[in-house]
Amino acid sequence: KKSFSSGLTAMEKKLAEYKCNTNEAIQLKLVRFPEDLEDDNTTFNPEYSHQVFGDDEVAFGYKGLKILLYYIAGNLSTLFRIEYTSKVNEKFDCVEADDVESKIREIIPPGFCTNTDDFVSMLEKEVNFKPFGMLLHTYSVHNEEAGEDITYQIYKADMTCPGFREYHERLQTFLMWFIETASFIDVDDERWNYFLVFEKYNKDGATLFATVGYMTVYNYYVYPDKTRPRVSQMLILPPFQGEGHGAQLLETVHRYYMSSPTVLDITAEDPSENYVKLRDFVLVKLCQDLLCFSPGKLMQGFSQEMVMEAQQKLKINKQHTRRVYEILRLRATDMGDAEQSRSYRLDVKRRLIGPYKKKQRELAKMRRCLRPEELTNQLNQIDLNMQHEQLEESFQQLVSDYRRVLERLAQA
């Protein structure tokens, strides 16, 4: 019996060596020049691969597994290859390796190439690639490394643009690796708008375009004749993150909808923490010069005038306007002054306690249905103390988030 169990562990040990973390195994590249293929500095890895490889983010059956997904920087033509140093064998090891290839094929569209030579010859045609749709905004960012200003452009596209449907299929595969709950959208629904960011770069004296990121927005219909655009997905590709492109994109999208009389306001679907921080910055930047947000008015509290003006002029909804008000009021408040800071704290906490109060009312309703002796007064007391602590914690967290927004604004 003993020898059997130790035999098992040896086998287990051996098989454990054939497990690979898929976030490390998947190697992504955006290729501009043939030499990028050999340059490790141009490689980046997914943040997530659970949607493709399960919650453990593991592929079994390979040693030294590399899943290469290389994209041509502009039109995203794809090279897909799998490399490994060894693989388990059903005959000898009595286990089967995961079918990594078919898992990847499920999310990347057909038409990719599998060898480097084909990929390099596709790279030569990249000079013909031009952005899709209508140019909305051009901006430049100073690049320390290159020692020059780099130009970026934002376009609005739709499925009627020739070649865009196929391009979008390649582009959306990145969502799986960088958005935790990503899903592909129904592109046949005409109410989707697509906003794309490109970088202009030079190659052998020609101007080429590289994909930087994008946003999808769904136009919800609001009776009788309005729409309410909802931001669905937004991704700035990792090599470009932290350079301010997200803010440029979101502001451009807001400005695009601001000019439309049929748009009520803009919302977002299930926003991430990072997206909320980005939106706070962009909306505060847009709102800070509105008359309704002058310091005097901020000190009088949140008003219907703010809601109206932000919605009509900037297409910002009530909930987001309230956050903008709190951030701008923080800027106008001397937190060292006991009276001012107390007034600010109460104002924000009054909003934060709303959901608690609703919960209290629901509990009270439940309590009417239960026998009084089942519920002691203690319950309420514990509840209140916890509330105060949680409330204070939420408040402190908000203020530190708000301060970051204001710091970024001061540098903008």
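Conventions and cut-offs
- Position labels on residues start from 1 in each chain and follow its written sequence.
- The predicted origin of the model limits local features to residues at a pLDDT of at least 70 and limits the giving and counting of side-chain atom pairs to 80 or more, whereas totals for whole chains, interfaces and linings rest on all residues.
- No hydrogens and no water enter the side-chain calculation; it runs on all heavy atoms of the structure.
- UniProt positions are given in the numbering used here, feature names are shortened, and annotations may be inferred rather than shown by experiment.
- Delimitation of the domains relies on an automatic or database domain assignment.
- Residue contacts follow a heavy-atom distance rule, with two residues in contact if any of their heavy atoms lie within 4.5 Å.
- Accessible surface is computed with a 1.4 Å probe, and the buried area is the amount of it that two parts give up when combined, taken over both parts together.
- In the sections that follow, a salt bridge refers to a side-chain nitrogen of Lys or Arg positioned within 4 Å of a carboxyl oxygen of Asp or Glu.
- The helix and strand labels rest on DSSP assignments: H or I over at least four residues marks a helix, E over at least two residues marks a strand, and numbering proceeds from the N terminus.
- Between buried and exposed lies partly exposed: a residue is buried under 20% and exposed over 50% of the maximum accessible area for its type, with that area taken using a 1.4 Å probe on protein chains only.
- Only strands joined by at least two bridges in the DSSP assignment are considered to pair.
- The angle between two axes is taken between their N-to-C directions and runs from 0 to 180 degrees, where each axis is a line fitted to C-alpha atoms and a helix contributes only its stretch in contact.

In the annotation of an unreviewed UniProt entry, the entry for the protein chain reads Histone acetyltransferase type B catalytic subunit, and the organism field reads Chunga burmeisteri. UniProt annotates the protein chain under Sequence similarities (unreviewed entry) with the comment "Belongs to the HAT1 family." UniProt annotates the protein chain under Catalytic activity (unreviewed entry) with the comment "L-lysyl-[protein] + acetyl-CoA = N(6)-acetyl-L-lysyl-[protein] + CoA + H(+)".

**Q** Sorry, what's going on with the domain arrangement of the protein chain here?
**A** Along its sequence, the protein chain is organised into domain 1 (13-126), domain 2 (130-169 + 179-270) and domain 3 (292-411). Placing the centre of domain 2 and that of domain 3 at their C-alpha centroids yields a distance of 33 Å. Between domain 2 and domain 3, the residue contacts involve 13 residues of the former and eight residues of the latter. Contact between domain 2 and domain 3 buries roughly 760 Å² in total, counting both sides, with carbon and sulfur atoms accounting for 51%. Of all residues in domain 2, Met 258, Leu 264 and Asp 265 bury the most surface against domain 3, accounting for 51% of the area lost on that side. In this structure, the connection of domain 2 to domain 3 is made through zero salt bridges.

**Q** Please clarify how the environment of Leu 330 should be interpreted in this entry.
**A** Examined against the element boundaries, Leu 330 turns out to sit in helix H13 (residues 318-332). Under the relative-accessibility criterion, Leu 330 is labelled buried at 5%. Each C-alpha atom of the pair Leu 330 and Asn 115 lies 57 Å from the other, and the pair is 215 residues apart in sequence. Those residues in contact with Leu 330, other than ones at most four positions away along the chain, are Met 335, Tyr 344, Val 399, Tyr 402, Arg 403 and Leu 406.

**Q** Please explain the environment of Phe 302 as it appears in this structure.
**A** Inspection of the secondary structure assignment puts Phe 302 in the loop between helix H11 (295-299) and helix H12 (304-314). Taking relative accessible area as the criterion, Phe 302 reaches 24% and is therefore assigned partly exposed. Considering only alpha carbons, one finds Phe 302 and Ala 146, 156 residues apart in sequence, at a separation of 46 Å. Ignoring anything within four residues of it in the chain, the contact list for Phe 302 reads Val 307, Lys 318, Thr 321, Arg 322 and Tyr 325.

**Q** What should I look at first to understand the sheet that holds strand E7 (residues 78-83) in this one?
**A** As a general point, the strands of a sheet are linked pairwise by backbone hydrogen bonds and lie either parallel or antiparallel. Taking strand neighbours across the sheet as the criterion, the four strands line up as E3-E2-E6-E7 in an open arrangement whose pairing is mixed. Edge positions in the open sheet fall to strand E3 (43-44) and E7, since each of these has one partner strand only. Sheet analysis places strand E6 (residues 66-72) next to E7, joined by six bridges and oriented antiparallel. The residue of E7 that forms the bridge with Lys 66 is Glu 83. In the packing of helix H6 (residues 116-124) onto the sheet, contacts are made with strand E2 (26-31), E6 and E7, and the angle to E6 comes to roughly 20°.

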